[in-house]
Amino acid sequence: MKRILLPLLPLALLLGMASCSDSKSYAELLTEENHIVNEFLSQHRLIDNIPSDTVFQTGTDAPYYCIDEEGNVYMQVLDPGTDERPAYNDRVYFRYTRYNLNGYVVGGDNIGGGNADNMNSGSTFFLYGNEYVETSTQYGTGIQLPMGLLGYNAKVNLVVKSQAGPTADMSYVVPYLYTISYYKPVI
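Structural notes, computed from the coordinates. (Residues numbered from 1 in each chain as written. Predicted model: local features only at pLDDT ≥ 70, side-chain atom pairs only at ≥ 80, totals over all residues. Heavy atoms only, no water.)

**So, the packing of aromatic side chains**
Applying the stated criterion across every chain yields a total of 10 aromatic pairs. Each ring, one from Phe126 and one from Tyr182, has its centre 6.3 Å from the other, and the planes form 75°; the classification is edge-to-face. Taken together, the residues span a long stretch of sequence, with Phe126 in strand β6 (residues 125-127) and Tyr182 in strand β8 (residues 176-183) at a distance of 56 residues. Taking relative accessible area as the criterion, Phe126 reaches 1% and is therefore assigned buried. Using a relative accessible area of 0% as the deciding quantity, one classes Tyr182 as buried. Sitting over the ring of Phe125, Arg91 keeps its end group 3.8 Å from the ring centre. One Lys or Arg, Arg98, reaches over the ring of Tyr176 and ends 3.7 Å from the middle of that ring. (Phe/Tyr/Trp six-rings, centres within 6.5 Å; stacked < 30°, edge-to-face > 60°. Helix = DSSP H or I, 4+ residues; strand = E, 2+ residues; numbered from the N terminus. Buried < 20%, exposed > 50% of the residue type's maximum accessible area, 1.4 Å probe, protein only. Lys NZ or Arg CZ within 6 Å of the ring centre and 35° of its normal.)

Okay, here's the thing in structure tokens:
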């Protein structure tokens, strides 16, 4: 009997240590996410509200504007685009690169993903304001917010916390920095 139990002892110890691991609660992950976003934003100017005339400062040295009531989305306007804005359910095409904000704060390689540099990728779009179809929600609600404030051909840097990000990423509680360009469909 002792011969059978001795080989199993290391496995039992390993499983015991794994069950006592120090995993974080969802609330702790949200707190950590807030710290990461705050650390990133502390390196930039921040304006807590949208200008009443929606005339934003633009460029790479422009401030980040908080553009939602919950504080989940911050926008730096690189180019405000045209005066034409989409109406509800209009198709808006976009090209993006997204970076995990943990990489900016912690350091290390932070290689972006997305379709901005890959012209062979399929068209990426959402139906503006329509939160009832997966086409519009698969990338999260945060990426649509600039189109209510800017026109087609706009380009922004967008900090998006997990609650406004893609539904597939919400449970991981990872904030992202997006660089997004928005386009009107060619008819």
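Okay, back to it.
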